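Here is how the chains run, residue by residue.
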Amino acid sequence: MSVPPAAVCFDMDGVLVQSEDHWVRAQREDILPTAAPNDDIPLSAITGRNYREVYPDLNAEYDLEISREVFEGLFEEHGERIYGDEATFLDGAHDLLNDLRDAGVALALTTSAPWAWIDVADERFDLLSKFDVAISAGDIDGPGKPEPDIYERGAAELGVAPEDCWAVEDSTAGARAAVAAGMTTVGFRGDGDETDLSMVHETADDAASLRQVLLGGV
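Residues numbered from 1 in each chain as written. Predicted model: local features only at pLDDT ≥ 70, side-chain atom pairs only at ≥ 80, totals over all residues. Heavy atoms only, no water.

> What should I look at first to understand the sheet that holds strand β8 (residues 202-204) in this one?
Spatially, 6 strands are ordered β5-β4-β1-β6-β7-β8 in an open sheet, and the strand pairing comes out parallel. Lying at the two open borders of the sheet, with one neighbouring strand each, are β5 (133-136) and β8. Neighbour-to-neighbour, the strand axes of this sheet turn through a mean angle of 20°, independent of strand direction. Pairing between strand β1 (residues 7-10) and strand β4 (residues 106-111): 4 bridges, direction parallel. Opposite Phe-10, over in β4, you have Leu-109 as the bridge partner. (Pairing = 2+ DSSP bridges. Helix = DSSP H or I, 4+ residues; strand = E, 2+ residues; numbered from the N terminus. Axes fitted to C-alpha atoms, helices over the stretch in contact; angles between N-to-C directions.)

And the structure:
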């Protein structure tokens, strides 16, 4: 690609903030066994989604033994530790974001994470200064990922049409949301997992390959 996109929407977790391994462990070892000790809930039922939206879907399909309040409290407890202590920032991401801005690319952060977690990530990693706008799932009146609302909002706040905007996503739910919004979508496999990203248009697995996709290696 010789001309950079007009705008790029970045997911946070699993792309810029390397938190997914910690979330996988928390969900496998505590959250899901506590919620449904007699069921084997797949991680794919939760990954990439707003944790405040998933309880009704899980409750309809599985034998949940805790209330919605307790379920959400488990996420909040683990999130405080993960973002405050354990997560790291993608190596090379600051340089990539700076170079995208220098190339005139408008940037939006579009994440299912609540603002409490975004703010902690910002404090640790100087995240928000790189973006023109930042949108949490909590800012959206409609449903979260995999529905396209958050990406449509991101494009609108950047002042571009969704079809002129690219998105970078690591989860199936997030990639489906971006594609449904009409964006050219880059599937990011920073942890090399086998997440279904068959719907994306491009793939990358680190900041260097993401730079190649978005900036042509400049």
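> Help me out: how do you make sense of helix α1 (residues 20-35) in this one?
An α-helical turn contains 3.6 residues, so any two residues separated by three or four positions project in the same direction. An ideal rise of 1.5 Å per residue puts 22 Å on 16 residues; α1 reaches only 20 Å between its terminal C-alpha atoms. In the structure, α1 departs most strongly from a straight axis at Gln-27, where the bend amounts to approximately 50°. Buried positions along α1 lie against β2 (17-18), α3 (68-86) and α5 (115-125). (Expected span 1.5 Å × (residues − 1). Bend = angle between axes of the 7 residues up to and from the residue. Contact = heavy atoms within 4.5 Å.)

> Hey, could you run me through the pairing of β1 in this one?
Put simply, side chains in a regular strand alternate between the two faces of the sheet. Residues Ala-7 and Cys-9 line one face of β1 and the alternating positions Val-8 and Phe-10 line the opposite face, and both faces are buried. Pairing analysis gives 4 bridges linking β1 to strand β6 (residues 165-169), with the strands arranged parallel. Bridge pairing links Phe-10 to Val-168 in β6. (Buried < 20%, exposed > 50% of the residue type's maximum accessible area, 1.4 Å probe, protein only.)

> Even after reading the chapter, I still don't get the packing of aromatic side chains, so can you show me in this structure?
Any pair of aromatic rings gets described here by the distance separating the centres and the angle formed by the planes. By the definition in use, this model includes 10 aromatic pairs. When the centroid spacing of 6.1 Å and the interplanar angle of 75° are considered together, the rings of Phe-10 and Phe-131 count as edge-to-face. On the criterion of sequence distance, the pair formed by Phe-10 in strand β1 and Phe-131 in the loop between α5 and β5 is long-range, its members being 121 residues apart. Aromatic pair Phe-89 and Phe-125: ring centres 5.4 Å apart, planes at 25°, arrangement stacked. Taken together, the residues span a long stretch of sequence, with Phe-89 in strand β3 (residues 88-89) and Phe-125 in helix α5 at a distance of 36 residues. (Phe/Tyr/Trp six-rings, centres within 6.5 Å; stacked < 30°, edge-to-face > 60°.)

> I keep staring at the nonpolar core and nothing clicks. Help me out?
One broad rule of soluble globular proteins: the nonpolar side chains tend to lie buried together. Of all hydrophobic cores here, the largest spans 55 residues; its most connected members are Phe-10, Leu-16 and Phe-71. Residue contributions to this core reach at least three from each of two domains, namely domain 1 (7-19 + 88-215) and domain 2 (20-86). Those residues in contact with Phe-10, other than ones at most four positions away along the chain, are Val-15, Leu-16, Leu-97, Leu-100, Leu-107, Ala-108, Leu-109, Thr-110, Phe-131, Val-168, Leu-210 and Leu-214. Ranked by size, the runner-up nonpolar core spans 18 residues in total, among them Cys-9, Ile-140, Ala-155 and Met-183. (Core = buried A, V, L, I, M, F, W, Y, C linked by side-chain atoms within 4.5 Å. Domains from an automatic or database assignment.)

> Got a minute to help me understand empty space enclosed by the protein in this structure?
One way to see where empty space is left: roll a probe the size of a water molecule over the atoms. Using the criterion set out here, one finds 1 cavity of 30 Å³ or more in the structure. Here the largest cavity is characterised by a volume of approximately 270 Å³. Lining the largest cavity are 21 residues, with Asp-13, Glu-20, Thr-47, Gly-48 and Arg-49 sitting closest to its centre. Those elements that provide at least two residues to the lining of the largest cavity are α1 and α3. (1 Å grid on protein atoms, 1.4 Å probe; cavity = no way out; pocket = protein on both sides within 12 Å on 5 of 7 lines; lining within 4 Å. Points joined across faces, edges and corners; volume = space filled by probe spheres on them.)

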